[in-house]
Amino acid sequence: MMSLLRKLASLRLTLVAMFVLLILVLIGSRSTTVDVSVTAIPLAVLSMNLLAAILANHTFRRQTGLLVFHVGLLLLITIIGLSVLIRFDGHVEVLQGASFDPRDVEVTAVGWLHPGHLDEVRFKQGDVQVEYLAGLTRQSTRSTIQHGATGAMRTQTIGDRQAAEINGYRFITTPNKGFALLMRWEPAGAEPVYGAIHFPSFPQYDWKQVTDWVAPSGQHLQMELNFAEPVSRPDRSWVLERPQSAFSVNTQTSDGTTLVVGKGGALALEGGMLRVVDVQMWIAYRIDYYPLLPWALVAALLAIGGLALHFRERYPARQGAGRTRKEEAADACIARA
Amino acid sequence: MPVSPALEQQLVLFGIAMLAVMTIVQLPAFTARHRSFNLPAGLLSLVVLAFAAAIAVRWLRESQGPFLTLYDILLSNVFSLSAISLFMIWRRRHLQMTLLLSGPLLFLLGVWLVNVPAQAVPLPATFDNYWLWLHVVSGKIFLGVCLVSASTAGLLLLARGAPRSGLAASFTAQTEMRTAVWSNLFLAFVFHSLMLLAGSVWAHSAWGRYWSWDPLETWALVTWITLGGILHARATFKDMPDSLGYWLVVGVFALAFLSFFGVPFISIAAHKGLI
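Residues numbered from 1 in each chain as written. Chains lettered and ligands numbered in written order. Predicted model: local features only at pLDDT ≥ 70, side-chain atom pairs only at ≥ 80, totals over all residues.

Observations concerning the overall build of chain A
In step 1: For chain A, the helix and strand inventory stands at 8 helices and 15 strands.
In step 2: Its C-alpha atoms give chain A a radius of gyration of 30 Å, more than 25% over the compact-globule value 20 Å for 337 residues.
In step 3: In chain A, which comprises 337 residues, the proportion classed as buried is 26%.
In step 4: Relative to all contacts within chain A whose residues are 6 or more apart in sequence, the contacts with residues 24 or more apart total 58%. (Helix = DSSP H or I, 4+ residues; strand = E, 2+ residues; numbered from the N terminus. Rg over C-alpha atoms; globule rule 2.2 N^0.38 Å. Buried ≥ 20, exposed ≤ 12 C-beta atoms within 10 Å, placed from the backbone. Contact = placed C-beta atoms within 7 Å.)

So, the overall build of chain B
In step 1: For chain B, the helix and strand inventory stands at 10 helices and 0 strands.
In step 2: Each of the 275 residues in chain B was classed as buried or not, and the buried ones make up 50%.

Here we look at the packing of helix α6 (residues 293-314) of chain A against helix α7 (residues 174-207) of chain B
In step 1: Between α6(A) and α7(B), the shortest axis-to-axis distance is 10 Å and the interhelical angle comes to 165 degrees. With respect to α7(B), the axis of α6(A) lies roughly antiparallel. Handedness of the α6(A)/α7(B) crossing: left-handed. Counting all contacts with α6(A), which are made through A:Ala300, A:Ile304, A:Leu307, A:Ala308, A:Phe311 and A:Arg314, the residues of α7(B) involved are B:Phe186, B:Leu187, B:Phe189, B:Val190, B:Ser193, B:Leu194 and B:Leu197.
In step 2: When its residues are assigned to classes, the contact of α6(A) with α7(B) shows 11 nonpolar, 1 polar and 1 charged. (Axes fitted to C-alpha atoms, helices over the stretch in contact; angles between N-to-C directions. Parallel < 35°, antiparallel > 145°, perpendicular 65-115°, else oblique. Left-handed = near helix turned anticlockwise from the far one by under 90°. Nonpolar A, V, L, I, M, F, W, Y, C, P; charged D, E, K, R; others polar.)

Quick word on the sheet that holds strand β10 (residues 220-227) of chain A
Residue and element names in this part refer to chain A.
In step 1: The strand order across the open sheet formed by 4 strands is β9-β10-β12-β13, and the pairing between neighbours is antiparallel. The sheet is open, and its two borders are formed by β9 (210-214) and β13 (258-262), each paired with just one other strand. Ignoring which end each strand starts from, the neighbouring axes of this sheet average 25 degrees apart.
In step 2: Summarising the sheet, strand β12 (residues 247-253) and β13 pair through 5 bridges and their orientation is antiparallel. Across the sheet, threonine 251 pairs through a bridge with leucine 259, a residue of β13. (Pairing = 2+ DSSP bridges.)

Quick notes on the sheet that holds strand β3 (residues 123-133) of chain A
The strands making up a sheet associate through hydrogen bonds between their backbones, and the pairing can be parallel or antiparallel.
Residues and elements named next belong to chain A.
In step 1: The antiparallel open sheet is built from 4 strands, whose spatial order is β5-β4-β3-β11. Only two strands of the sheet have a single neighbouring strand rather than two, namely β5 (154-159) and β11 (238-240). Recorded for the sheet is a direction-independent mean angle of 20 degrees between the axes of neighbouring strands.
In step 2: With 6 bridges connecting them, strand β4 (residues 137-147) and β5 associate as antiparallel partners. Its bridge partner being in β5, arginine 142 is matched across the sheet by glycine 159.

Quick look at the domain arrangement of chain A
How big an interface is tends to be reported as the loss of accessible area on association of its parts.
Residues and elements named next belong to chain A.
In step 1: Per the domain assignment, the segments making up chain A are domain 1 (2-87 + 293-325) and domain 2 (89-288).
In step 2: Relative placement of domain 1 and domain 2: their C-alpha centres are 46 Å apart.
In step 3: Residue-level contacts link 4 residues of domain 1 with 7 residues of domain 2.
In step 4: Of the residues in the side of domain 1 that touches domain 2, the class split is 3 nonpolar, no polar and 1 charged. (Domains from an automatic or database assignment.)

Quick word on the confidence of the model for chain B
The predicted coordinates should not be examined in detail at positions where pLDDT is low.
In step 1: On average, residues of chain B score 85 in pLDDT, and 87% of them are at 70 or above.
In step 2: Under the prediction, the complex receives an ipTM of 0.84, its pTM being 0.83. (pLDDT = per-residue confidence, 0-100.)

Some words on the pairing of strand β2 (residues 106-110) of chain A
Residue and element names in this part refer to chain A.
In step 1: Of all 5 residues making up β2, only 0 are buried, and the element is barely covered by its neighbours.
In step 2: Across 4 bridges, the pairing between strand β1 (residues 88-95) and β2 is antiparallel. What sits directly across from aspartate 89, in β2, is alanine 109.

A few points about the nonpolar core
In step 1: In terms of nonpolar packing, the biggest core is built from 101 residues, with B:Cys146 and B:Val249 touching the most fellow members.
In step 2: Take this core: its biggest share by element is 19 residues, from α7(B). (Core = buried A, V, L, I, M, F, W, Y, C linked by C-beta atoms within 7 Å.)

With respect to helix α2 (residues 11-30) of chain A
In step 1: Its 20 residues give α2(A) an end-to-end C-alpha distance of 29 Å, which sits within 8% of 28 Å, the value for a rise of 1.5 Å per residue.
In step 2: Considered for burial, the residues of α2(A) that qualify are A:Thr14, A:Ala17, A:Met18, A:Leu21, A:Leu24, A:Val25 and A:Ser29. An end-on view of α2(A) places all buried positions within 135 degrees of arc, on one side of the element. Residues of α2(A) that are exposed and angled more than 90 degrees away from the buried face: A:Arg12 and A:Arg30.
In step 3: Tucked into the core, α2(A) has its buried residues touching α3 (40-56) of chain A together with α8 (215-236) of chain B. (Expected span 1.5 Å × (residues − 1). Arc of directions from axis to C-beta.)

Things to note about the environment of B:Ser45
Residue and element names in this part refer to chain B.
In step 1: Here serine 45 lies in helix α2 (residues 38-62).
In step 2: On the basis of neighbour counts, which here come to 15 C-beta atoms within 10 Å, the residue serine 45 falls in the partly exposed class.
In step 3: For the pair serine 45 and methionine 18, spaced 27 residues apart in the sequence, the C-alpha separation amounts to 9.4 Å.

What follows is the structure, given as structure tokens:
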């Protein structure tokens with residue numbers, strides 16, 4: 001058993017695994033066919049190698065700094081591994097004035113052991129404001145949301161430096177935001193239905209506020225949002241928020257007819273009327289679930305602390321200095337002679 | 001109070017001129033035994049002062065630190081590499097000879113600096129926090145200490161290649177220099193680790209993710225693994241030839257240098273600073 005442990009603790013195995021890790025990092029990060037998750041293989045080998053070294057190598061255990069560094073690394077790899085297993089990554093666009101609906105979330109990654117509480121998350125989207133400098137340089141983003149249990153709702157303003165954490169899920173604002181057209185579909189002989197159409201991200205696509213939409217009746221429409229006054233001001237500082245100026249919607253039907261309506265106006269379509277209610281903002285959030293990350297920070301700090309301690313143990317200040325200025329000056333004289 | 005870009009330019013040009021003079025006055029050391037400590041160190045002090053003043057002037061004018069553009073990165077790195085080299089040779093006088101190799105490199109960085117657009121780009125609000133400072137400062141200390149380690153290794157390689165040269169003869173503390181190669185590389189590893197940690201926390205506030213395998217992150221990790229691998233190899237193979245070790249140290253510095261000055265400016269990844 002001890003012999004196997006010693007073999008597993010081999011320093012040469014460490015070097016081989018590090019080399020493989022290096023190659024897989026390079027391949028995985030660049031390749032479209034090989035995922036970077038393949039680095040888990042050499043990382044698992046390195047973890048076992050390290051654990052075996054801690055158990056089998058007395059010299060290793062006597063060097064406090066080195067031991068702390070490696071234990072910190074082991075903890076870090078373990079925490080990252082667990083985080084991958086329970087993680088969740090996704091994104092969602094939420095309309096100003098509307099409630100977050102988990103069904104709208106586009107999931108990008110979910111771990112095998114993810115507990116899955118997203119459907120319990122509730123919040124209501126409030127105002128959205130994004131500051132810009134001249135040249136369309138984005139500054140701070142402020143998004144107000146209301147969340148909490150019914151009767152104990154609290155208002156929170158989140159932004160670039162402050163995410164909202166609800167049920168362990170973090171909602172992080174993104175640069176992706178724009179305008180949404182709030183509409184009411186009034187079908188003939190039935191109750192009206194409210195809905196919203198999100199236009200492309202603003203101000204990135206200021207020049208192209210056009211989107212295609214299929215009406216509940218199945219009719220294909222192309223809608224273009226126009227404002228009476230320019231919203232973005234590339235030549236000076238400005239704030240992106242729900243526009244106050246008048247707007248109009250140019251709607252082109254599939255037969256080539258163009259209809260223009262403003263706020264409160266209605267379009268007569270097949271099967272009913274489409275009434276333009278208002279324009280609101282929408283904002284996109286990144287959603288993630290990594291509850292162990294604070295512990296990863298602790299493990300990483302522990303590892304770096306151990307490394308610094310080992311440096312002090314291995315290269316004490318006086319040893320590094322080697323010799324005094326007088327000794328050096330004397331040597332310099334000998335060299336000149 | 002608005003500060004003229006001309007003053008910044010003059011300070012930069014003065015600093016580069018001092019780097020050129022420092023490089024030239026050291027050239028005889030390659031062949032002759034006689035060498036002076038005070039003159040190169042004094043010139044390097046002037047370089048540090050000139051670039052510190054240029055950064056201060058730019059900072060006052062733009063109301064932000066030199067963090068974003070290639071010009072910013074070159075300006076701050078010529079300052080930090082010079083300042084760290086000066087600090088190291090002040091602490092360990094035998095390392096003064098490293099300026100023979102690091103001096104020309106700093107001069108070339110200076111020449112590069114005056115050939116890139118100096119126009120500032122506003123720092124996005126999400127970039128500006130304490131983690132940025134920790135990330136940048138630890139990164140600069142890493143590269144500075146790595147430069148001293150690689151220059152020392154380079155000098156030892158040159159001296160081995162020409163044992164009868166004035167350069168080899170003027171080595172008065174080869175044992176200390178050998179120690180300095182590895183102790184400084186180890187110190188560089190500590191600061192590189194701190195740079196990666198602070199960088200990932202900062203990336204979260206800047207872009208909403210800790211790590212996304214963008215080219216700069218990938219190459220920084222590759223440099224870290226290589227650095228760790230070299231230190232590990234030295235501990236594993238006690239009889240590894242000194243010259244192989246020195247070549248590895250020079251190689252890892254080249255890798256770090258390319259990661260700092262090559263990757264961020266040839267990729268179009270998010271690390272370039274999307275707004």
